[in-house]
Amino acid sequence: MRLPDAVLDDCLCDPAAPLAGDPARRYGLDKLQAQTQLANLKDWLREQQTMLWANRRDALLLVLQGPDCSGKNGVIRRVLGGLDPLGLAPRSFQPPSEEERRHDFLWRYREHLPAAGMLGVFNRSYYEALVSDLRDGLCSQADIPQRQAAIETFERQLVATGIHPLKCYLQLSADEQRQRLHRRLEQPRKRWKLTLGDLQDHRHFARQQAQWAEVLGSSHNAAAPWYVIPADHRWLRDLIVASLLARAFERLALDWPTRPAPFSHADLDSTA
């Protein structure tokens, strides 16, 4: 049902060259085939998410990073759409507010960690503290080693408390980003999303990707690995993320709770 391990493992970050892969690769798939496979897989994901919620033991945290237009919101809509909202905890992180800046940089992320039984989603994450905060003057280069160490400790704590991170970097080519920005300019329903910052980020695309490559390489580890997802094709991006999520559920080996029912058939019949 999901993509084979060979494809998923091919997306594992190579710390020596995290963004060396082709963001337009297709793994021999076509759009219709991938969309059909995703539709079938979502039914299984829905049942797994319900079992996760029913057991209230573990939690999953899907971390979505990537440049503008790489499809972080699209993944949430297309992959997670249709799941039980009671067991879903999505959170989008913008530049920190004045209130958030008064706390440790990890504070706002701790505040939105998924509780046991939940599937949490971070649209952008604590890794922004190593790239965007530096760019925006919210920290200095001298702060970065301490922040990297704090993130490493933070992720170890997640795993120790039963929160399983699934970190996905959506890799987009500069040409594809330019085309998507053109489409946003042309379509009123998407144009409202644009800011001057999008133009500036596109102009510095190569430099920013080099920064992210450094972050991915230094923070990839066995307990919380990065997956670099080819995102030039939306349909393939969605299927890979869904398949990685499916594999994460498989590793949890969930089943329905076996605790006794709170009342019996006789108790129910006695109310007649």
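The rules behind the values
- Residues numbered from 1 in each chain as written.
- Predicted model: local features only at pLDDT ≥ 70, side-chain atom pairs only at ≥ 80, totals over all residues.
- Heavy atoms only, no water.
- UniProt positions renumbered as here; feature names shortened; annotations may be inferred.
- Pairing = 2+ DSSP bridges.
- Helix = DSSP H or I, 4+ residues; strand = E, 2+ residues; numbered from the N terminus.
- Axes fitted to C-alpha atoms, helices over the stretch in contact; angles between N-to-C directions.
- Buried < 20%, exposed > 50% of the residue type's maximum accessible area, 1.4 Å probe, protein only.
- Contact = heavy atoms within 4.5 Å.
- Expected span 1.5 Å × (residues − 1).
- Salt bridge = Lys/Arg side-chain N within 4 Å of Asp/Glu carboxyl O.

- The name an unreviewed UniProt entry assigns to the protein chain is Polyphosphate kinase-2-related domain-containing protein, from the organism Stutzerimonas stutzeri KOS6.
- Regarding the protein chain, the relevant UniProt record gives this comment under Sequence similarities (unreviewed entry): "Belongs to the polyphosphate kinase 2 (PPK2) family. Class I subfamily."

1. Section: the sheet that holds strand β5 (residues 226-230)
And step 1. Strand order in the open sheet formed by 5 strands is β2-β3-β1-β4-β5, and the pairing between neighbours is parallel. Only two strands of the sheet have a single neighbouring strand rather than two, namely β2 (88-92) and β5. Across the sheet, the axes of successive neighbouring strands diverge by a mean angle of 20°, strand direction being ignored.
And step 2. One ladder, built from 5 bridges, connects β2 with strand β3 (residues 119-123); its direction is parallel. In the sheet register, L88 faces β3, and the bridge partner there is L119.

2. Concerning the UniProt feature "domain: Polyphosphate kinase-2-related" (unreviewed entry) in the protein chain
And step 1. Cross-referencing UniProt, the feature "domain: Polyphosphate kinase-2-related" (unreviewed entry) maps to residues 30-249 in the present numbering.
And step 2. Between the C-alpha atoms that bound residues 30-249 there is a distance of 26 Å. The span itself is 56% helix and 14% strand.

3. Regarding the side chain of D201
And step 1. Secondary-structure assignment places D201 in helix α10 (residues 196-203).
And step 2. Residue class for D201 comes out buried when judged on its relative accessible area of 18%.
And step 3. With residues up to four places along the chain from it excluded, the contact list for D201 reads D68, R135 and Q208.

4. Points about helix α11 (residues 205-219)
And step 1. Between its first and last C-alpha atoms α11 spans 21 Å; for 15 residues at 1.5 Å apiece the expected length is 21 Å, and the two agree.
And step 2. Taken as a whole, α11 has its buried residues at F205, Q208, Q209, W212, A213, V215, L216, G217 and S219.
And step 3. Looking at the packing, one finds that the buried side of α11 touches β1 (59-65), α6 (128-135), β4 (163-171), α8 (174-186), α10 and β5.

5. Regarding the pattern of salt bridges
And step 1. With the rule as written, the count across this model stands at 22 salt bridges.
And step 2. Note that D5 and R247 form a salt bridge whose closest N and O atoms lie 3.1 Å from each other. Remark: R247 occurs in helix α12 (residues 234-252) and D5 occurs in helix α1 (residues 5-10); sequence separation between them is 242 residues.
And step 3. For K167, the salt bridge identified is with E155, shortest N-O distance 3.2 Å. Separated by 12 residues along the polypeptide, K167 in strand β4 and E155 in helix α7 (residues 144-160) bring together distant segments of the chain. We note that K167, like E155, is buried.
And step 4. What emerges from the salt-bridge pattern is a single network uniting R2, D5, D9, R247 and E250.

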